[in-house]
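What follows is the residue order along each chain.
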Amino acid sequence: KRGIFEMTAEEIEWRDERMSDLTLSGNGWLDNFAFDAGSNWGFGKIEGNGAAGWGASPFLDASWELNTIELNGINQLIPDNTFNLNGGITGRLKSQWENDAVQLSGNLKTDSLTTFIPALGTTYRIAANFEIEPGSIQINQGRIEDRNGSIAKMNGTAYHEQFKEWNLDFGIDATSDPIEL
């Protein structure tokens, strides 16, 4: 049966992420419907639209616009004792969910990301553009600053299988000003 739906939620919290003023609307059938969604996410906002359905393949196919959303919850996906991320990101993502697998692609940027590396005992501030592809997150010529104010360029790729089994390959070019490691 064809229908129209509208949902709102004042607040949703899950794994250190908080969304407020959530709206979700759409129309179609249970096996294939179009939707629009939006929410405040931490101190930022996310909006998206796409198609989903219990009989559709993929189950979810959507485009998302992120405007300075917080990254706290992503730490749940990162292996313990590797690094910890905080800050906001902006950009566009496409998502597909099929057979219990989520595929993300798009471009994100930040100028407020901080990361703590337990093995080094050091905190860094990062400003970079990220290219997201299924199975990898790449940084090309990002800016990294240590706690003493030294700045370097960072390149690298974080490979993963459904955000598990991470393989990190990063390099830092600190030829002009040594950076704390």
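Here, the structure is the one placed above.
Just so it is clear, the model here is predicted, and its values are computed rather than measured.

Each value, and the rule that gives it
In this convention, every chain numbers its residues from 1, walking through the sequence in written order. In keeping with the model being predicted, local features are shown solely for residues with a pLDDT of at least 70 and side-chain atom pairs are shown and tallied solely at 80 or more, while totals for entire chains, interfaces and linings include all residues. Side-chain numbers come from the whole structure's heavy atoms, not from hydrogens or water. A helix here means a DSSP run of H or I that spans at least four residues, while a strand means a run of E at least two residues long, and both kinds are numbered starting from the N terminus. The contact criterion used is simple: two residues touch if any of their non-hydrogen atoms lie within 4.5 Å. In this description, accessible areas are obtained by the Shrake-Rupley approach with a 1.4 Å probe, and a residue is regarded as covered only by the protein chains that are shown. Neither His nor the chain termini are counted; the positive set is Lys and Arg, and the negative set is Asp and Glu. For the purpose of locating charges, the reference atoms are NZ of Lys, CZ of Arg, CG of Asp and CD of Glu. Think of a patch as exposed residues, more than 30% relative accessible area, with no salt bridge, where like charges cluster within 9 Å and nonpolar side chains (Val, Leu, Ile, Met, Phe, Trp, Tyr) cluster within 5 Å. For this document, the term salt bridge refers to a Lys or Arg side-chain nitrogen within 4 Å of an Asp or Glu carboxyl oxygen. Working definition: a ring pair exists when centres of Phe, Tyr or Trp rings (six-membered ring for Trp) sit within 6.5 Å. Plane angles under 30 degrees give stacked, over 60 give edge-to-face, the rest tilted. Working definition: with a 1.4 Å probe on protein chains only, accessible area under 20% of the residue-type maximum means buried, over 50% means exposed, and in between means partly exposed. Pairing between two strands is assigned when DSSP locates at least 2 bridges connecting them. Polar contacts, as used here, are pairs of N or O atoms within 3.5 Å; protein pairs need one atom able to donate a hydrogen and one able to accept it. Residues neighboring in sequence count only if both atoms are side-chain atoms.

Draft legend 1. Summary view of the overall build of the protein. Along its length, the protein carries zero helices and 12 strands. Across its three principal axes, the protein shows a C-alpha extent of roughly 65 × 30 × 25 Å. The long-range share in the protein, meaning contacts at least 24 apart out of those at least 6 apart in sequence, stands at 35%. For the protein, the accessible area works out to roughly 11100 Å², and carbon and sulfur atoms hold 50% of it. Counting 13 positive and 27 negative side-chain charges, the protein places the averaged centre of each group 4 Å from the other.

Draft legend 2. Here's a closer look at a nonpolar patch on the surface. Together, Leu120, Ile172 and Leu181 make up an exposed nonpolar region whose accessible area comes to about 290 Å². Along the chain, the position of Leu181 falls in the segment after strand E12 (164–173).

Draft legend 3. Summary view of the packing of aromatic side chains. Tallied over the entire structure, the rule returns six aromatic pairs. Judged by centre distance (6.3 Å) and plane angle (35°), the rings of Phe33 and Trp54 are tilted. A residue pair is termed long-range when its members are at least 10 positions apart, and Phe33 in strand E3 (residues 32–41) and Trp54 in the loop between strand E4 (44–52) and strand E5 (60–70) qualify at 21 residues. Aromatic pair Trp54 and Phe59: ring centres 5.5 Å apart, planes at 75°, arrangement edge-to-face. Given a relative accessible area of 61%, Trp54 falls into the exposed group.

Draft legend 4. Representation of the pattern of salt bridges in the model. What the rule picks out here adds up to four salt bridges. Ionic pairing is found between Glu65 and Arg92, a salt bridge with its closest N-O pair at 2.6 Å. Taken together, the residues Glu65 in strand E5 and Arg92 in strand E7 (residues 88–98) connect sequence positions 27 residues apart. By relative accessible area, which is 34% here, Glu65 ends up partly exposed. A relative accessible area of 58% places Arg92 in the exposed class. Of the charged contacts in the structure, one is a salt bridge between Arg147 and Glu180, with a shortest N-O distance of 2.8 Å.

Draft legend 5. Representation of the pairing of E7 within the structure. Bridge count between E5 and E7: nine bridges; the pairing is antiparallel. Bridge assignment links Ile69 to a residue of E7, and that residue is Ile89. Summarising the sheet, E7 and strand E8 (residues 101–117) pair through nine bridges and their orientation is antiparallel. Looking at E8, one finds that Leu93 is bridged to Gly106. Counting the residues that bridge the hairpin from E7 to E8 gives two residues, and of these Asn99 lies at a positive phi of roughly 50°.

Draft legend 6. Highlighting the side chain of His160. If you trace the backbone, His160 turns up in strand E11 (residues 151–161). Within the local environment of His160, its side chain forms a polar contact with the backbone nitrogen of Phe163, the two atoms lying 3.0 Å apart. In contact with His160, not counting residues within four places along its chain, are Gly135, Ser136, Glu165 and Trp166.

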